[in-house]
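In case you want the letters, here they are:
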Amino acid sequence: MPIQYYIILSLALFCIGIVGVLVRRNVIIVFMCIELMLNAVNLLLVAFSKMHHAIAVVNDKASAAGTDAQLFVFFIMVVAAAEVSVGLAIIVMMYRNTHSVDVNFLNRLKN
Amino acid sequence: MSATQIIFWFLSALALVSALMVLFSKNPVHSVLWLIAVFFAISGHYILLNAQFLAIVNLIVYAGAIMVLFLFVIMLMNLNKDMESQKNLWMKLAGTISGGCLLMILVSLVRQSPEIAGKIAEVKTGDIGLIGNLGKVLFNEYVVPFEISSVLFLSAMIGAIVIGKKD
């Protein structure tokens, strides 16, 4: 598969995530759109790792080029899992205090 | 059109349509279910790229753990009905247009970039994504980040408990 197809697919997913963050007001959906953007980046990293492997394997049959990118994806997933647990705890606390999940109420932080 | 291409286009269409449905669903529970469909499509892409370890981790961690956490929180708050106040139309339009402009500019950049023209991402071959190869590299070169991530999990766990505790 040409790498452009993967790049454009990832860009489309990423931009859908950005539009979701900009237009939705439910904080849980905003959070889910952030997860969507993280996954678009992961897909792009894996596609690039296979691209580099395809280039390196021409010269060296046993080349392990591209392994690092897949481990980066693994670490991104690890950090995302930690981030989600803390983020959802913040959302639950926010809901307990205000009985709303609207992002707009967060503007009271500026006062 | 070979079978690989058919699978690629099918998974891409599934991912994009499901991602759009995440945006357009009024009910947050439906959004979560569509997002799980996106994750399944992305896992299919990983399998197509022969990154089997990441495909399974993506399914277990994202579709299995994180999305269940989201569903759990939504049902805990009883948000099943639509109670989202709408942003005004101009704000929505501005958000959509700015996202679309970003997509347009990046796609045109990708299409005319000479560095990636003609490069191929190998599908169905290559064994760098298999668990044996990744495990060797993870425990030889990336041991310290791996251990630090366990500390990160511990602090995230303590942080979630402290934040979520009723004071």
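Please refer to the structure placed before this passage.
Treat the numbers as computed from the prediction; the structure is a model and nothing was measured.

J.: I'd like to hear about a nonpolar patch on the surface, residue by residue, with values.
T.: Taken together, Leu154, Met157, Ile158, Ile161 and Val162 of chain B make up a surface patch of nonpolar side chains, about 500 Å² in accessible area. Note on placement: leucine 154 of chain B falls in helix H6 (residues 143-164).

J.: Talk me through the interface of chain A and chain B; I want residue IDs and the actual numbers.
T.: Contacts between the two partners involve 72 residues from chain A and, on the opposite side, 84 residues from chain B. When residues of chain A are sorted by the area they lose upon contact with chain B, Met1, Met32 and Lys50 of chain A head the list and together hold 11% of the total. Across the contact surface, chain A and chain B share nine residue pairs in polar contact (both at pLDDT 80 or more). Residue contributions to the side of chain A that touches chain B peak at 25 residues, all from helix H3 (residues 67-98) of chain A.

J.: Kindly report on the side chain of glutamine 4 of chain A, identifying the contributing residues and their values.
T.: The residue glutamine 4 of chain A is located in helix H1 (residues 3-23) in this model. By relative accessible area, which is 17% here, glutamine 4 of chain A ends up buried. Every residue in contact with glutamine 4 of chain A, bar those within four places of it in the chain, is listed here: Val110, Ile116, Ala117 and Gly118 of chain B.

J.: Residue-level account of the packing of helix H2 (residues 27-59) of chain A against helix H2 (residues 28-48) of chain B, with values.
T.: Look at H2 of chain A against H2 of chain B: their axes get within 11 Å of each other, and the N-to-C directions meet at 5°. With respect to H2 of chain B, the axis of H2 of chain A lies roughly parallel. For the pair formed by H2 of chain A and H2 of chain B, the contact residues are Ile29, Met32, Glu35, Leu36, Asn39, Asn42, Leu43 and Val46 of chain A on the first element and Pro28, Ser31, Val32, Leu35, Val38, Phe39, Ile42, His45 and Tyr46 of chain B on the second. Per-class residue counts for the contact of H2 of chain A with H2 of chain B are twelve nonpolar, four polar and one charged.

Cut-offs used in this document
- Residues numbered from 1 in each chain as written.
- Chains lettered and ligands numbered in written order.
- Predicted model: local features only at pLDDT ≥ 70, side-chain atom pairs only at ≥ 80, totals over all residues.
- Heavy atoms only, no water.
- Patch = residues over 30% accessible without salt bridge, like charges linked within 9 Å, V, L, I, M, F, W, Y side chains within 5 Å.
- Areas by Shrake-Rupley, 256 points an atom, 1.4 Å probe, with all protein chains shown as cover.
- Salt bridge = Lys/Arg side-chain N within 4 Å of Asp/Glu carboxyl O.
- Helix = DSSP H or I, 4+ residues; strand = E, 2+ residues; numbered from the N terminus.
- Contact = heavy atoms within 4.5 Å.
- Buried area = accessible area lost by both parts, 1.4 Å probe.
- Polar contact = N/O pair within 3.5 Å; in protein donor to acceptor, adjacent residues only side chain to side chain.
- Buried < 20%, exposed > 50% of the residue type's maximum accessible area, 1.4 Å probe, protein only.
- Axes fitted to C-alpha atoms, helices over the stretch in contact; angles between N-to-C directions.
- Parallel < 35°, antiparallel > 145°, perpendicular 65-115°, else oblique.
- Nonpolar A, V, L, I, M, F, W, Y, C, P; charged D, E, K, R; others polar.

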